[in-house]
Amino acid sequence: MSTHTFLSVTIHHNMSFFSFGQSAEIDVVLTDAETRKKAEHKTEDGKKDKYFLFYDGETVSGKINITLKNPGKRLEHQGIKIEFVGQIELYYDRGNHHEFVSLVKDLARPGELTQSQTFDFEFTHVEKPYETYTGQNVKLRYFLRATVSRRLNDISKEMDIVVHTLSTYPELNSSIKMEVGIEDCLHIEFEYNKSKYHLKDVIVGKIYFLLVRIKIKHMEIDIIKRETTGTGPSVYHENDTIAKYEIMDGAPVRGESIPIRLFLAGYEMTPTMRDINKKFSVRYYLNLVLIDEEERRYFKQQEITLWRKGDVVRKSMSSQATIGAQRFEGSASSESALEKAAREDSG
Amino acid sequence: MSDPTVADTRRLNSKPQDLTDAYGPPSNFLEIDVYDPQTVGVGRNRFTTYEVRMRTNLPIFKLKDSIVRRRYSDFEWLKNELERDSKIVVPPLPGKALKRLLPFRGDEGIFEEAFIEERRVGLEQFINRIAGHPLAQNERCLHMFLQDESLDRNYIPGKVRDPEARCA
């Protein structure tokens, strides 16, 4: 699983057509390719692919194999390097990539390769502050890029990785409880058991009818994802209804209580992202919708915070230790414990 | 042995429902019938009126059972008033049938039985949709249309407040 950048593929083909010079193929291989977990991620064109999964603070190490296309011929180069990049790309401003992580390791000084060669690299305890995200108007990605610089054109190879940001159980997680309505027509009290939910959590709630003077046909709860890009005057909001879940069919009367139990694991969602590198936000809302006999819609939107729980938990641990393992904080000191647990878990 | 990582999905506590609420009449009763078309007048000055009967238990309507007679142009008047004064999207009325008003038709034109029935159904659908709209229920013109014997086209448009409502 590796990708060429569009530009380098074009130049590569041109060169092999017009020149009799040497060319090479680069292959990036991670040290822990056998053991590291992969995560699925949907790319911009909608395709789902698997990528190596990393967390904040983890070391990224491996080697690059440079294979000469024409054995026997030398490959002259202006230097060989490998970069680890984390960047944000706004679709309406493709030319500008906003790099928030940029690390480079020089692997070889300018010279020549007489045969295929392998170079080791290690980016130690790399900070990966944000989660990988591919959205409607923006994407955030992390990748390794190995480059063999040459006078006329470089040979390079990119390898995307996926980063997940983990959180601990929030200390404060109050329920959401509110009375809303239209005066003299409809009064309801809605309650959701938490304001912060992890991605495999369950929304438990209820809708209590205080006054019903309209003819309600049914009620549903929708999950809406709102992606906001841009600042100041040019702000774009993209709303996407991730889920529609009917919770009541039929006309309620005063005093009735309708339960809500919505399992989040079945839906493709990301953690809530607020003002990432001042470039974009991804927020989630619960939209309670009541529809009357004449198809009129009455709704109330409420933001919820979604977070990602670390799932490196071993069943043999006591409940205390389980909670301890779940309290993961994205810093280098606890990173080694997580790496160890991950290896033991998949081993 | 319960798994500590499984979420608690038990229902939230709720007040038990009062039985008079559970089994009593619903508070949203509203039914409007448009029926009994009668053609009044003679010759070119004929027109059709319909009986409009409203039965309701909504506190915002002064009368819980009212009967009035209205003609098509009265419904048009109501539609125009609501479009001007309220923020709601007013549903369409059944057609004006201008072609039927032209002379030298083979049939009774706008007094054709099938046409009157079609129009009656459309008017009934229209008024039920409107009267059930919470915002339309605040408009003086709707109350006058449904519950005053005749329309005062020189009335002062305004909002109606529920006589039993608490002040915000």
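Residues numbered from 1 in each chain as written. Chains lettered and ligands numbered in written order. Predicted model: local features only at pLDDT ≥ 70, side-chain atom pairs only at ≥ 80, totals over all residues. Heavy atoms only, no water.

Evaluation of the coordinates by the stated rule reveals 39 salt bridges over all chains. Note that A:Lys48 is salt-bridged to A:Glu40, the shortest N-O span being 3.8 Å. A salt bridge links B:Lys79 to B:Glu83; its shortest N-O distance comes to 3.0 Å. Placement of both B:Lys79 and B:Glu83 in helix α2 (residues 72–85) is noted, with a separation of four residues, approximately one turn of the helix. On the basis of relative accessibility, which here comes to 18%, the residue B:Lys79 falls in the buried class. Residues participating in the shared-partner salt-bridge network are A:Glu83, A:Arg141, A:Arg145, A:Glu158 and A:Asp160. (Salt bridge = Lys/Arg side-chain N within 4 Å of Asp/Glu carboxyl O. Helix = DSSP H or I, 4+ residues; strand = E, 2+ residues; numbered from the N terminus. Buried < 20%, exposed > 50% of the residue type's maximum accessible area, 1.4 Å probe, protein only.)

The next thing to look at is the pairing of strand β13 (residues 176–182) of chain A. Residues and elements named next belong to chain A. Bridge count between β13 and strand β14 (residues 186–192): seven bridges; the pairing is antiparallel. The residue of β14 that forms the bridge with Lys177 is Glu191. From the end of β13 to the start of β14, which pair antiparallel, there are three residues, and Asp184 there has a positive phi angle of about 70°. (Pairing = 2+ DSSP bridges.)

Quick look at unusual backbone geometry now. Phi is positive for A:Lys278, close to 60°, though the residue is something other than glycine. Mapped onto the elements, A:Lys278 comes out in the loop between β20 (273–276) and β21 (280–292). Residue classification places A:Lys278 among the exposed positions, given a relative accessible area of 63%. Of note in this structure, B:Asp36 is not a glycine but carries a positive phi near 50°. Tracing the backbone through its elements, the reader meets B:Asp36 in strand β1 (residues 30–40).

Turning to the nonpolar core, a few remarks are in order. Judged by nonpolar contacts, the single largest core of 73 residues is most densely connected at A:Ile64, A:Leu144, A:Tyr192, A:Ile207 and A:Phe209. Summarising the domain contributions, this core has at least three residues from each of domain 1 (24–163) and domain 2 (176–307) of chain A. Once residues within four sequence positions are removed from consideration, A:Tyr192 is found in contact with A:Ser175, A:Ile176, A:Tyr197, A:Ile203, A:Val204, A:Gly205, A:Ile221, A:Ile260, A:Leu286, A:Leu288 and A:Gln302. Counting residues in hydrophobic clusters, the runner-up holds 33 residues, among them B:Leu30, B:Ile32, B:Leu123 and B:Ile130. (Core = buried A, V, L, I, M, F, W, Y, C linked by side-chain atoms within 4.5 Å. Domains from an automatic or database assignment. Contact = heavy atoms within 4.5 Å.)

Accessible area lost on assembly of the parts is the figure often given for the size of an interface. Residue and element names in this part refer to chain A. Each assigned domain of chain A is listed with its residue range as follows: domain 1 (24–163) and domain 2 (176–307). On a C-alpha basis, the centres of domain 1 and domain 2 stand 40 Å from each other. Among the residues of domain 1 in contact with domain 2, Tyr92, Tyr133 and Asn137 are the three that bury the most area, contributing 37% of the side total. Applying the counting rule to domain 1 against domain 2 returns two salt bridges. With a closest N to O distance of 3.0 Å, Glu268 and Lys48 form a salt bridge. In this assembly, domain 1 and domain 2 are joined by seven residue pairs in polar contact (both at pLDDT 80 or more). Residue classes in the side of domain 1 that touches domain 2 are distributed as eight nonpolar, four polar and three charged. (Buried area = accessible area lost by both parts, 1.4 Å probe. Polar contact = N/O pair within 3.5 Å; in protein donor to acceptor, adjacent residues only side chain to side chain. Nonpolar A, V, L, I, M, F, W, Y, C, P; charged D, E, K, R; others polar.)

This paragraph deals with the interface of chain B and chain A. Each partner contributes residues to the interface: chain B has 31 residues there, and chain A has 31 residues. Taken together, the links from chain B to chain A amount to two salt bridges. Note that A:Arg254 is salt-bridged to B:Asp21, the shortest N-O span being 3.0 Å. Connecting chain B to chain A are nine residue pairs in polar contact (both at pLDDT 80 or more). Taken together, the elements giving at least two residues each to the side of chain B that touches chain A come down to α1 (19–23) and α4 (113–131) of chain B. When the residues that make up the side of chain B that touches chain A are grouped by side-chain class, the tally is eleven nonpolar, eleven polar and nine charged.

Mapped onto this numbering, the UniProt entry gives "domain: PX" (unreviewed entry) at residues 28–152 of chain B. Within the segment residues 28–152 of chain B, helix and strand shares are 36% and 22% respectively, and the terminal C-alpha atoms sit 28 Å apart. (UniProt positions renumbered as here; feature names shortened; annotations may be inferred.)

Our next topic: the pairing of strand β2 (residues 38–42) of chain A. All names here are of chain A. Taking every second residue as pointing to the same face, the buried face of β2 carries Ala39 and His41, while none of Lys38, Glu40 and Lys42 on the other face is buried. As judged from the five bridges shared by β2 and strand β3 (residues 48–54), these two strands associate in the antiparallel manner. Looking across to β3, one finds that Ala39 is bridged to Tyr51. Taken together, β2 and the strand that follows it, β3, pair antiparallel across an intervening segment of five residues, in which Gly46 is found at a positive phi of about 90°.

All names here are of chain B. The antiparallel open sheet is built from three strands, whose spatial order is β1-β2-β3. Looking at which strands have only one partner, the edges of the open sheet turn out to be β1 and β3 (65–71). If you compare each strand with its neighbour and ignore which way they point, the axes differ by 20° on average. Sheet analysis places strand β2 (residues 47–56) next to β3, joined by seven bridges and oriented antiparallel. Looking across to β3, one finds that Arg55 is bridged to Asp65. Relative to β3, α2 is tilted by about 105°, and along the sheet it contacts β2 and β3. In the packing of helix α5 (residues 140–147) onto the sheet, the strands contacted are β1, β2 and β3, and the crossing angle to β3 comes to about 95°. (Axes fitted to C-alpha atoms, helices over the stretch in contact; angles between N-to-C directions.)

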